[in-house]
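Residues per chain, in single letters:
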Amino acid sequence: MNDQPTGVAPDATEAEEYKSRLAGTLGMSLFIIVVSMLFAASVIAYLIVRLRHPEWDNPPLPVWIYVSTFLIIGSGMTMQLALGSFRVNRISLGNMSLLITLVLAVLYLLSQLMAWSTLVRSGVFAESSLYAFSFYMLTVLHAIHVLGGLFPMTTMTLAAYRGRYSAERNLPVKYMTMYWHCLGIVWLVLFTVLLATT
């Protein structure tokens, strides 16, 4: 007869799951800190250049930049809705929210392309002025990070529609939500800085 307490294995499993969750959250937090520092350094460099050249000639922000702002805010809201839905087992709503977030992310990148296209058609190239170079640098840098999130978000959305996520299994959605909120906050900072210095 086996006298081993039946609670040992479940407790051990819960401890391992807790360590895994903690490690994942810590890893994503550190990654977000690194990304934030990269953008902070870029914004500081932009502001230094701007203050040293108060006379620089810059065109008004393309209207597509405002569209991008609404899209990134909207995608952050739907991403949070997806996480909240999975946590309470509202699977269909979570799946739909992830899909909408993915669509909004693609539309955001398209709006950035339209913004750059608008400037190019107006004769504003990266080498045209310090402002143009700085504008392209900041917006392209952010777009690259959004693009980098598209692959895992696409994979996550496909997994969601295969029944992968629920109240008990939603850590990947949590990590993506953390990253996406970081990109949203960074964009709002970039948008504010560009608007204030235009």
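All values derive from a computational prediction rather than experimental measurement.

1. Details of the overall build of the chain
Next, step 1: The helix and strand tally for the chain stands at five helices and zero strands.
Next, step 2: Here the chain has a C-alpha radius of gyration of 21 Å; the compact-globule value for 198 residues is 16 Å, and the former is much larger.
Next, step 3: Seen through its C-alpha atoms, the chain measures out along the principal axes to roughly 85 × 30 × 20 Å.
Next, step 4: Buried positions account for 41% of the 198 residues belonging to the chain.
Next, step 5: For the chain, the exposed area adds up to about 11000 Å²; of that, 71% sits on carbon and sulfur atoms.
Next, step 6: Side-chain charges of the chain comprise 11 positive and 9 negative groups, with the mean position of each set lying 7 Å from the other.

2. Some thoughts on the packing of aromatic side chains
Next, step 1: Counted according to the given criterion, the structure contains six aromatic pairs.
Next, step 2: Centroid distance Phe86 to Tyr165: 5.7 Å. Interplanar angle 65°. Geometry classified as edge-to-face. Of the two residues, Phe86 sits in helix 2 (residues 63–87) while Tyr165 sits in the loop between helix 4 (130–161) and helix 5 (171–196), which places them 79 residues apart along the sequence. The residues Phe86 and Tyr165 share a single accessibility class, namely buried.
Next, step 3: One aromatic cluster is present, formed by Tyr131, Phe135 and Tyr136 through successive ring pairs.

3. What about the nonpolar core?
Next, step 1: Of all hydrophobic cores here, the largest spans 52 residues; its most connected members are Met79, Phe135 and Trp180.
Next, step 2: Among all residues touching Phe135, those that are not within four sequence positions of it are Leu61, Pro62, Ile65, Trp116, Leu119 and Leu194.

4. Re a nonpolar patch on the surface
Next, step 1: Residues Met96, Leu99, Ile100, Val103, Val106, Leu107, Leu110, Leu113 and Tyr161 make up a contiguous nonpolar surface patch of roughly 750 Å² in combined accessible area.
Next, step 2: In terms of residue count, helix 3 (residues 91–121) provides more of the nonpolar patch than any other element does, eight residues in total.
Next, step 3: Tracing the backbone shows Val103 in helix 3.

5. Let's talk about the environment of Leu30
Next, step 1: In this structure, Leu30 sits in helix 1 (residues 8–52).
Next, step 2: Residue classification places Leu30 among the partly exposed residues on the basis of a relative accessible area of 47%.
Next, step 3: Sequence separation between Leu30 and Leu102 is 72 residues; the distance between their C-alpha atoms is 24 Å.

6. Here we look at the side chain of Ser42
Next, step 1: The residue Ser42 is located in helix 1 in this model.
Next, step 2: At 3.0 Å, the side chain of Ser42 and the backbone oxygen of Leu38 are in polar contact.
Next, step 3: Ser42 has contacts with Met137, Leu138 and Leu141, leaving out every residue within four places of it along the chain.

7. Considering the environment of Met77
Next, step 1: Take Met77: it is sitting in helix 2.
Next, step 2: With a relative accessible area of 59%, Met77 lands in the exposed category.

8. Quick look at helix 2
Next, step 1: Between its terminal C-alpha atoms helix 2 stretches 37 Å, which fits the 36 Å expected from 25 residues at 1.5 Å a residue.
Next, step 2: Positive phi appears at Asn89, one or two residues downstream of helix 2, with a value of about 65°.

9. Overview of the packing of helix 4 against helix 5
Relative orientation and spacing of two packed helices are given, respectively, by the angle between their axes and the distance between those axes.
Next, step 1: Between helix 4 and helix 5, the least distance of the axes is 11 Å, while the angle of their chain directions is 165°. What the angle tells us is that helix 4 and helix 5 run roughly antiparallel. As helix 4 runs across helix 5, the sense of the crossing is left-handed. Within the contact between the two elements, helix 4 uses Phe135, Leu138, Thr139, His142, His145, Val146, Gly149, Pro152, Met153 and Met156 and helix 5 uses Pro172, Val173, Met176, Tyr179, Trp180, Leu183, Val186, Trp187, Leu190 and Leu194.
Next, step 2: Among the residues forming the contact of helix 4 with helix 5, the class breakdown is 16 nonpolar, four polar and no charged.

Conventions we followed
- Residues numbered from 1 in each chain as written.
- Predicted model: local features only at pLDDT ≥ 70, side-chain atom pairs only at ≥ 80, totals over all residues.
- Heavy atoms only, no water.
- Helix = DSSP H or I, 4+ residues; strand = E, 2+ residues; numbered from the N terminus.
- Rg over C-alpha atoms; globule rule 2.2 N^0.38 Å.
- Buried < 20%, exposed > 50% of the residue type's maximum accessible area, 1.4 Å probe, protein only.
- Areas by Shrake-Rupley, 256 points an atom, 1.4 Å probe, with all protein chains shown as cover.
- Lys, Arg positive; Asp, Glu negative; His and termini not counted.
- Charge placed at Lys NZ, Arg CZ, Asp CG, Glu CD.
- Phe/Tyr/Trp six-rings, centres within 6.5 Å; stacked < 30°, edge-to-face > 60°.
- Core = buried A, V, L, I, M, F, W, Y, C linked by side-chain atoms within 4.5 Å.
- Contact = heavy atoms within 4.5 Å.
- Patch = residues over 30% accessible without salt bridge, like charges linked within 9 Å, V, L, I, M, F, W, Y side chains within 5 Å.
- Salt bridge = Lys/Arg side-chain N within 4 Å of Asp/Glu carboxyl O.
- Polar contact = N/O pair within 3.5 Å; in protein donor to acceptor, adjacent residues only side chain to side chain.
- Expected span 1.5 Å × (residues − 1).
- Axes fitted to C-alpha atoms, helices over the stretch in contact; angles between N-to-C directions.
- Parallel < 35°, antiparallel > 145°, perpendicular 65-115°, else oblique.
- Left-handed = near helix turned anticlockwise from the far one by under 90°.
- Nonpolar A, V, L, I, M, F, W, Y, C, P; charged D, E, K, R; others polar.

Function cannot be read off these values alone, since they describe shape.
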